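Understanding the architecture of this molecule
Each chain is listed here by its residues.
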Amino acid sequence: MTASDGTEPPDMREYYAARAPEYDQVYAKPERQQDLRAIEAWLPGRFIGRRLIEIACGTGYWTRFLAPAASELLATDAAPQTLEIARRRVRSPSVQFVVADAYRLPTRAGAFSGAFAGFWLSHVPRQRLAAFLDDLHARLAPGARVVFLDNRFVAGSSTPISEEDAFGNTYQQRRLGDGSSHRVLKNFPSEAELTQAIGGAGIRLRHHAWQHYWALEYLVS
Ligand SMILES: C[S@@+](CC[C@H](N)C(=O)[O-])C[C@H]1O[C@@H](n2cnc3c(N)ncnc32)[C@H](O)[C@@H]1O
């Protein structure tokens, strides 16, 4: 592992725009199927009747499970390429898709009673995590439910860590179908780190673990 001090974390938007057409292959890994079925059954029930914002919805894999549960759903992502796939996948009058930067959400304070982000928190640089969470919480009403879903590192299934920077962010070197190689910031925060980052902003925190995934759910205080 090598340290890379002082370098800007890579912008994930470009990578995911290029990856959009092949993104869903990650959901076809045979060893993850059992976990995925369990999470697909568990997740929608967290948001029944809630006004939900989804951060970094990507190709809409989770949006389609959330849509029938939420009363309305604003699904956001910074890459128009992934949103285009999501729009085709989820056609529901209660779902709106919007191109939006997760760090500058175009919504008013207290507008939502739920927030979900799948496989996004692991891409937030550690030094930006507190500001990201503060900004998200400000968009949510008291009592809003938040769920973050993400990967656990599983040797043999996860892409190996190639690097760690001065902030403790870890990186993977990923290859796309066109042969291009991308340095991707991907963190694997512990339950304790997550709990500390949420701090007093959340109550009734629950950490869930499957073999390949974790989820953190809490209510905004
Ligand atoms: C790992 S994918 C997760 C997609 C989807 N949530 C899922 O679970 O399948 C990360 C997503 O973050 C989006 N993204 C990257 N940078 C972003 C940013 N600054 N703001 C919002 N979305 C961003 C990418 O376009 C990509 O769709």
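How each quantity is defined
Residues numbered from 1 in each chain as written. Predicted model: local features only at pLDDT ≥ 70, side-chain atom pairs only at ≥ 80, totals over all residues. Heavy atoms only, no water. Buried < 20%, exposed > 50% of the residue type's maximum accessible area, 1.4 Å probe, protein only. Helix = DSSP H or I, 4+ residues; strand = E, 2+ residues; numbered from the N terminus. Pairing = 2+ DSSP bridges. Right-handed = clockwise from strand over helix to strand, strands pointing away. pLDDT = per-residue confidence, 0-100. Contact = heavy atoms within 4.5 Å. Phe/Tyr/Trp six-rings, centres within 6.5 Å; stacked < 30°, edge-to-face > 60°. Lys NZ or Arg CZ within 6 Å of the ring centre and 35° of its normal. Arc of directions from axis to C-beta. Near = heavy atom within 4 Å. Polar contact = N/O pair within 3.5 Å; in protein donor to acceptor, adjacent residues only side chain to side chain. Areas by Shrake-Rupley, 256 points an atom, 1.4 Å probe, with all protein chains shown as cover.

Turning next to the pairing of strand β5 (residues 112-118). By the criterion of burial, β5 is predominantly enclosed, with seven of the seven residues buried. As paired strands, strand β2 (residues 51-55) and β5 are joined by four bridges and run parallel to one another. Of the residues in β5, the one forming a bridge with I55 is A117. The sheet contact formed by β5 and strand β6 (residues 140-151) spans six bridges and is parallel. Note that in β6 the partner of F112 across the bridge is L140. Between the parallel pair β5 and β6, the chain is carried across by helix α5 (residues 129-138), and the sense of this crossover is right-handed.

Our next topic: the confidence of the model for the chain. For the chain, per-residue confidence averages 94 on the pLDDT scale, and 96% of positions sit at 70 or higher. Here residues 1-6 is modelled with pLDDT under 50, and outside its nearest four sequence neighbours on either side it reaches 14 contacts, counting other chains as well.

A separate point is the side chain of E40. Position of E40 among the secondary structure elements: in helix α2 (residues 33-42). Discounting chain neighbours no more than four positions away, the residues touching E40 are Y61, W62 and F65.

What follows deals with the packing of aromatic side chains. Taken as a whole and judged by the stated rule, the model has 16 aromatic pairs. With a centroid separation of 6.0 Å and an interplanar angle of 45 degrees, the aromatic rings of W62 and F65 are classed as tilted. For F65, a relative accessible area of 22% gives the class partly exposed. Judged by centre distance (6.4 Å) and plane angle (45 degrees), the rings of F148 and Y218 are tilted. A residue pair is termed long-range when its members are at least 10 positions apart, and F148 in strand β6 and Y218 in strand β11 (residues 213-220) qualify at 70 residues. On the accessibility criterion, F148 (1% relative accessible area) is buried. A residue is classified by how much of its surface remains accessible, and Y218, at 1% relative accessible area, is buried. Grouping aromatic residues by their ring pairs yields a cluster made of Y15, Y16, Y23, Y27, Y61, W62, F65, F119 and Y213. Over the ring of Y61 we find R64; its NZ or CZ atom is 4.5 Å from the centre of that ring. Positioned above the aromatic ring of Y103 is the side chain of R128, whose terminal nitrogen or guanidinium carbon lies 3.5 Å from the ring centre.

Moving on to helix α4 (residues 80-89). Along α4, the residues that are buried comprise T82, L83 and A86. Seen from one end, α4 has its buried residues packed into an arc of 100 degrees, which puts them on one side. Looking at the buried side of α4, the elements it contacts are α1 (12-19), β3 (72-77) and β4 (95-99).

On to the environment of P80. Along the chain, P80 falls in helix α4. Owing to a relative accessible area of 46%, P80 belongs among the partly exposed residues under this scheme. Taking the C-alpha atoms as reference points, P80 and A17, separated by 63 residues in sequence, lie 7.4 Å from one another.

Let us now look at the site of the ligand. Neighbouring the ligand are 21 residues, the closest being Y27, A56, D77, A102 and G118. Contact distances for the ligand include 2.6 Å between a nitrogen atom and a backbone N or O atom of A56. Note that an oxygen atom of the ligand is positioned 3.4 Å from one of the side-chain N or O atoms of W62. Protein contact buries 97% of the 600 Å² of open area that the ligand shows by itself. Of the residues forming the shell around the ligand, the biggest block, three residues, is contributed by α1.

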